[in-house]
Amino acid sequence: MPQELQQELISLKEWLGKEQHLPKDFDDFVLKKFLHSCYGSLEQTKQCIDRFCCTRSVLSEIYTSRDPESDSVQTAFSVTNVTTHEAADQEILIHQFHDPTLEKFQFYDILKSFGIQADIWIKDQDFFAEGHIIILDMKNYSLRMIPKINIFYVREFFLYLLEAMPVRVKQIYGINAPSFYDKFFALVKPALPSNICDIIKFLPDHESLHKYIDKKYLPMEYGGDAPSTKEQHTDWVGKIVKQRPLLLNDDMWKADLKKKPKSSNYDNSMSGSFKTLCID
């Protein structure tokens, strides 16, 4: 965090103190992450935080009952791997789903487990990346998923990730993309801003990633030198369980929508500026 942004941090805390609908449980580290993700713009950071808090209140299916030791969350953890890898000044976020039979696939629980891990990442990951690269491993995606998911919820969660979370998404890769990936994408593409669609690439296998990302930054399963996704995911789950009391608070970082002024400058629309993303 550059020194010149310290005043913006002070101003941000003063603003939060005056907004009755917004929570007061942000620490300085988390606020700095939001400021960083918005390139130091105070106004964009305010809008980002407001969307972040309000959307968490709206997405109650995944932001309540988040006990990491519950059977449902543990099952979701068992069929996913979510990992991060530092890549020079960038950060790579990888999500794998490995339940090809879909016997344990529960749509809201999968999103809930991702949201839990994202919260611990926001709170504890001490790395202010210049940009984020998201890799979705689609190897076990199946057309049989479609009846099991709420496509409108997927769209809202996806926009929440890109517009409201403190990340600078530069590129999204869908690897091991099945032949029907275009059918999946067609369901959400019409609702996405064009600048988001422009950063999404679908690749037929993990080797195709090597054209875009140095192998030394990829996990060993993808032909790289970084630790395996399973090893990292196990470490993350351990960190999450240690912070169970925090996650048992269903009001964590949530807005009180009943107190939100109708004239608020920061609505809950997800079709905003994408935090003035600069595509390299």
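Since we're looking at a predicted model, the values are computed, not measured.

A word on the overall build of the protein chain. Scanning the protein chain from terminus to terminus reveals ten helices and five strands. In terms of overall dimensions, the protein chain has a C-alpha envelope of 50 × 40 × 40 Å along the principal axes. Scored against the burial criterion, the 280 residues of the protein chain give a buried share of 53%. Considering only contacts within the protein chain whose residues lie at least 6 apart along the sequence, 79% involve residues at least 24 apart. For the protein chain, the computed accessible surface area is about 13,000 Å², with 51% contributed by carbon and sulfur atoms.

This brings us to the packing of aromatic side chains. Within the structure shown, the criterion is met by 17 aromatic pairs. Centre to centre, the rings of phenylalanine 52 and tryptophan 253 are 5.9 Å apart; their planes meet at 50 degrees, and the pair counts as tilted. Of this pair, phenylalanine 52 sits in helix α3 (residues 42-58) while tryptophan 253 sits in the segment after α10 (244-247), placing them 201 residues apart in sequence. A ring pair is formed by phenylalanine 107 and tyrosine 153, whose centres lie 6.1 Å apart and whose planes are at 80 degrees; its orientation type is edge-to-face. Here tyrosine 153 lies in helix α6 (residues 151-163) and phenylalanine 107 lies in helix α5 (residues 107-124), a separation of 46 residues in the sequence. According to the relative accessible area criterion, phenylalanine 107 is buried, its value standing at 9%. Assessed through its relative accessible area of 7%, tyrosine 153 is described here as buried.

Mapped onto the elements of the fold, glutamine 47 is located in helix α3. Separated by 116 residues in the primary sequence, glutamine 47 and glutamate 163 have C-alpha atoms spaced 9.5 Å apart.

Turning our attention to the packing of α5 against helix α9 (residues 229-242). In contact at an axis separation of 10 Å, α5 and α9 are set at 80 degrees when each is read in the N-to-C sense. In terms of orientation, α5 lies roughly perpendicular with respect to α9. Of α9, the residues touching α5 (which contributes Ile116, Gln117, Ile120 and Trp121) are His233, Trp236 and Ile240. A per-class count over the contact of α5 with α9 returns five nonpolar, two polar and no charged.

Below, the discussion takes up α5. Because the α-helix completes a turn every 3.6 residues, residues three or four places apart line up on one side. An ideal rise of 1.5 Å per residue puts 26 Å on 18 residues; α5 measures up with 26 Å between its terminal C-alpha atoms. Summarising burial for α5: 15 of the 18 residues are buried, a large majority.

This next bit is on the pattern of salt bridges. Applying the stated criterion across every chain, the model contains eleven salt bridges. We note a salt bridge from aspartate 28 to lysine 13, for which the minimum N-O separation is 3.1 Å. With aspartate 28 in helix α2 (residues 28-37) and lysine 13 in helix α1 (residues 6-18), the pair connects residues that are 15 residues apart, well separated along the chain. In this structure lysine 13 comes out as partly exposed when scored by relative accessible area, which is 41%. Among the ionic pairs, aspartate 119 bridges to arginine 56, the shortest N-O distance being 2.8 Å. Taken together, the residues span a long stretch of sequence, with aspartate 119 in helix α5 and arginine 56 in helix α3 at a distance of 63 residues. Exposure class is identical for aspartate 119 and arginine 56. Each is buried. Taken together, the salt bridges that share partners define one network made up of Arg56, Arg66 and Asp119.

With that out of the way, let us pick up the side chain of aspartate 67. Note that aspartate 67 resides in the loop between α3 and α4 (71-78). Of the polar contacts made by the side chain of aspartate 67, one reaches the side chain of arginine 244; its length is 2.7 Å. Residues contacting aspartate 67, with those up to four places away along its chain left out, are Val73, Arg244 and Leu248.

A separate point is a negative patch on the surface. Together, Asp25, Asp250, Asp251 and Asp256 make up a region of like negative charge exposed at the surface. Within the element layout of this structure, aspartate 25 appears in the loop between α1 and α2. Its relative accessible area of 34% is what places aspartate 25 among the partly exposed residues.

Here the focus is α3. In this model, α3 (17 residues) spans 24 Å end to end at C-alpha, consistent with the 24 Å of a helix rising 1.5 Å per residue. Residues of α3 that are buried: Thr45, Lys46, Cys48, Ile49, Asp50, Arg51, Phe52, Cys53, Cys54, Thr55 and Arg56. Looking at the packing, one finds that the buried side of α3 touches α1, α2, α5 and α6.

Right, let's get into unusual backbone geometry. The backbone of alanine 88 shows a phi angle near 60 degrees, a positive value even though the residue is not glycine. Note that alanine 88 resides in the loop between β1 (80-87) and β2 (90-97). Residues other than glycine seldom take positive phi values, yet tryptophan 253 does so here, at roughly 60 degrees. The class of tryptophan 253 is buried, set by a relative accessible area of 3%.

The rules behind these values
Residues numbered from 1 in each chain as written. Predicted model: local features only at pLDDT ≥ 70, side-chain atom pairs only at ≥ 80, totals over all residues. Heavy atoms only, no water. Helix = DSSP H or I, 4+ residues; strand = E, 2+ residues; numbered from the N terminus. Buried < 20%, exposed > 50% of the residue type's maximum accessible area, 1.4 Å probe, protein only. Contact = heavy atoms within 4.5 Å. Areas by Shrake-Rupley, 256 points an atom, 1.4 Å probe, with all protein chains shown as cover. Phe/Tyr/Trp six-rings, centres within 6.5 Å; stacked < 30°, edge-to-face > 60°. Axes fitted to C-alpha atoms, helices over the stretch in contact; angles between N-to-C directions. Parallel < 35°, antiparallel > 145°, perpendicular 65-115°, else oblique. Nonpolar A, V, L, I, M, F, W, Y, C, P; charged D, E, K, R; others polar. Expected span 1.5 Å × (residues − 1). Salt bridge = Lys/Arg side-chain N within 4 Å of Asp/Glu carboxyl O. Polar contact = N/O pair within 3.5 Å; in protein donor to acceptor, adjacent residues only side chain to side chain. Patch = residues over 30% accessible without salt bridge, like charges linked within 9 Å, V, L, I, M, F, W, Y side chains within 5 Å. Lys, Arg positive; Asp, Glu negative; His and termini not counted. Charge placed at Lys NZ, Arg CZ, Asp CG, Glu CD.

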